[in-house]
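Below, each chain spelled out in residue letters.
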Amino acid sequence: MPSPAHPAESRRTFAIISHPDAGKTTLTEKLLLRGGAIHLAGEVKAKGERRRARSDWMKIEQQRGISVTTSVMTFERDGVTYNLLDTPGHEDFSEDTYRTLTAVDSAIMVLDAAKGIEPQTRKLFEVCRLRDVPITTFINKMDREARDPFELMDQVAEDLALDVTPVTWPIGSGKDFKGCYDLVHDRLLLIGAEGSQIIQVEGLDDPILADHIPEDLLEMLQEEAELAREACPKFDLEAYRAGTLTPVFFGSALRDFGVSRLLDGIGENAPSPRPQAAELKGAEISIAPTEEKVSGFVFKVQANMDPNHRDRIAFFRLCSGRFKRGMKLKHARSGKSMAVHNPILFFAQDRELAEEAHPGDIIGIPNHGVLRVGDTLAETDGVRFTGIPNFAPEILRRVRLDDPMKGKHLKKALESLAEEGVTQVFKPILGSNWIVGVVGQLQLDVLKTRIEAEYGIAVDFETAPYETARWVASNDRNGLDALSSSVPSAMAEDGDGEPVFLARNMWELNHQIQNHPDIRFTKARERA
């Protein structure tokens, strides 16, 4: 590809979204393999753990075989720098996924060929739609029994209201899966004993096809591929980047088939870094990646990636300017300047020092609790990126401490994990028990495991007398005081000290909303 006019043009920052068990983590491994970032998918340095996935580095992920945190991996291929964000597939971690999607410019949606669109896929797609994130569809597990390709594409078109354009077309499925036909470049992509075999042809009528495909599968391919070309809209780059059309690739991540073609598609068509919504001293603006001043935002904080060093890393999406190691940036929330001396590039939990970075890149900034999710760092004073909210939790639990003498340690652990986004923490105005809020039960399991493993504190959770939470705000301070006076046991503060109403049930919430019309009860609050 030609040399880009601006370094940002060679960046492709994308996430992978899917329902659990659709093969997302396996696809991530094979993308890294195709990109030359690793030599053997699933290989790690520790000899006794060679089967562990590189992107699932947290202990609970390895035990359960799922992704519960966001991993960032950077690699280069054919002049393109790819920043791949592997997101949690489990619905209990959808808030972490939402925040991650604020930091990407496109996404790959992975579908199981036998199941199609599943509930969590639909939820994550809706998040992408809110942000007009372009979607590339990868229909995985074609080497197993699969649904009809037209049926799968019809489901995408009807359920997600997207135009669908197949880029590759499967040749058989299950035990008869032979590979795919590249509809764009007229070539055969065949599964070989030593990887994929690429054969250039002169179209679907080329006699050479019969030398490589059984007669029954060839007839089916010619009929279906011609129909797909006629019935489906042609690929339109603008429609794809506007989020209204999705190119579709077929393959098998487990057999490492179709992955290279998918990566080529991301490199050729996925957008380079896009302008980001922000505020400048209260006014709404858009910051383009070509602007000279450095700016970016923190979309995730991860503590204890290296338990031996008690580290704390902020994942920082660079939005504009050319970042250089050691430069000073203004921390918007505190108004203070901070020098970034040891920025790092990620490969799962492995890292290397980043001397410079460009828009679209994700760098890690080591810090000791200074940076939180939603924070902005910029050369320009008064800039703040928007669109990273906290959502009201669906499960509230009291934290029970086995050793009461470790109350201060528990406070530090909960506040630290809340700043990461692992949980939300509420401190009731009355009483001493902390209350944690999560989206799903699995988050509680992760929270308990991490508190014990990383902070050496044994805790348990018990049912809290609350069903839901709402942030409360009013232009009149007397209104908030009146609410606090009427239901003091239901008032709390979140990790930022903002007032929160804890409702025992929806009836009580609606009752207080009616009694206090001057107060805003909100399910989401913009972070920092």
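For every chain, the first residue of the written sequence is number 1, and numbering continues from 1 onward in sequence order. Where local features are concerned, this predicted model is filtered to residues with pLDDT of at least 70; where side-chain atom pairs are given and counted, the filter is 80 or more; whole-chain, interface and lining totals use all residues. Values reported for side chains reflect all heavy atoms of the structure, with hydrogen atoms and water molecules removed beforehand.

A helix here means a DSSP run of H or I that spans at least four residues, while a strand means a run of E at least two residues long, and both kinds are numbered starting from the N terminus. When you go through the protein chain residue by residue, the secondary structure sums to 12 helices and 34 strands. When a residue's accessible area, from a 1.4 Å probe over protein chains only, is under 20% of the maximum for its type it is buried; when over 50% it is exposed; and in between it is partly exposed. Going through the 528 residues of the protein chain one by one, you find that 55% of them count as buried. We call two residues contacting when some pair of their heavy atoms lies within 4.5 Å. Contacts in the protein chain between residues at least 24 apart in sequence constitute 70% of all its contacts with a sequence separation of at least 6. Split by element, the accessible area of the protein chain, about 22,900 Å² in all, is 48% carbon and sulfur. The method behind every accessible area is Shrake-Rupley, applied with a 1.4 Å probe, and residues are considered shielded solely by the protein chains displayed.

With that out of the way, let us pick up the sheet that holds strand β13 (residues 283-287). By definition, two strands form a pair when at least two bridges between them are found by DSSP. Strand order in the open sheet formed by 3 strands is β13-β12-β24, with antiparallel pairing between adjacent strands. The two strands at the open ends of the sheet, each matched to only one other strand, are β13 and β24 (383-385). Here the average twist between neighbouring strands, direction ignored, is 40°. When strand β12 (residues 276-280) meets β13, the two strands line up antiparallel, connected through 5 bridges. Considered in β13, the bridge of Leu280 is made with Ala283. Axis geometry follows a simple rule: fit a line to the C-alpha atoms, using only the stretch in contact for helices, then measure angles between N-to-C directions, giving values from 0 to 180 degrees.

Here we come to helix α1 (residues 24-34). A large share of α1 lies buried, amounting to 9 of its 11 residues. Restricting attention to buried positions, one finds in α1 the residues Lys24, Thr25, Leu27, Thr28, Glu29, Lys30, Leu31, Leu32 and Leu33. Positive backbone phi, approximately 80°, marks Gly36, located one or two places after α1.

Strand order across the open sheet formed by 8 strands is β29-β26-β28-β27-β31-β32-β30-β33, with antiparallel pairing between neighbours. Two strands close off the open sheet at either side, each with one partner strand: β29 (459-463) and β33 (520-522). Across this sheet, the average inter-strand angle for adjacent strands is 40°, counted without regard to direction. Pairing geometry for strand β26 (residues 395-401) and strand β28 (residues 435-438), over 4 bridges, is antiparallel. What sits directly across from Leu396, in β28, is Gly437. Here helix α10 (residues 441-455) sits on the sheet in contact with β26, β28 and β29, set at roughly 150° to β29. Helix α11 (residues 477-486) rests against β30 (468-473), β31 (491-493) and β33 of the sheet, and its axis sits at about 145° to β30.

Don't take any of this as a statement about function, it's just geometry.
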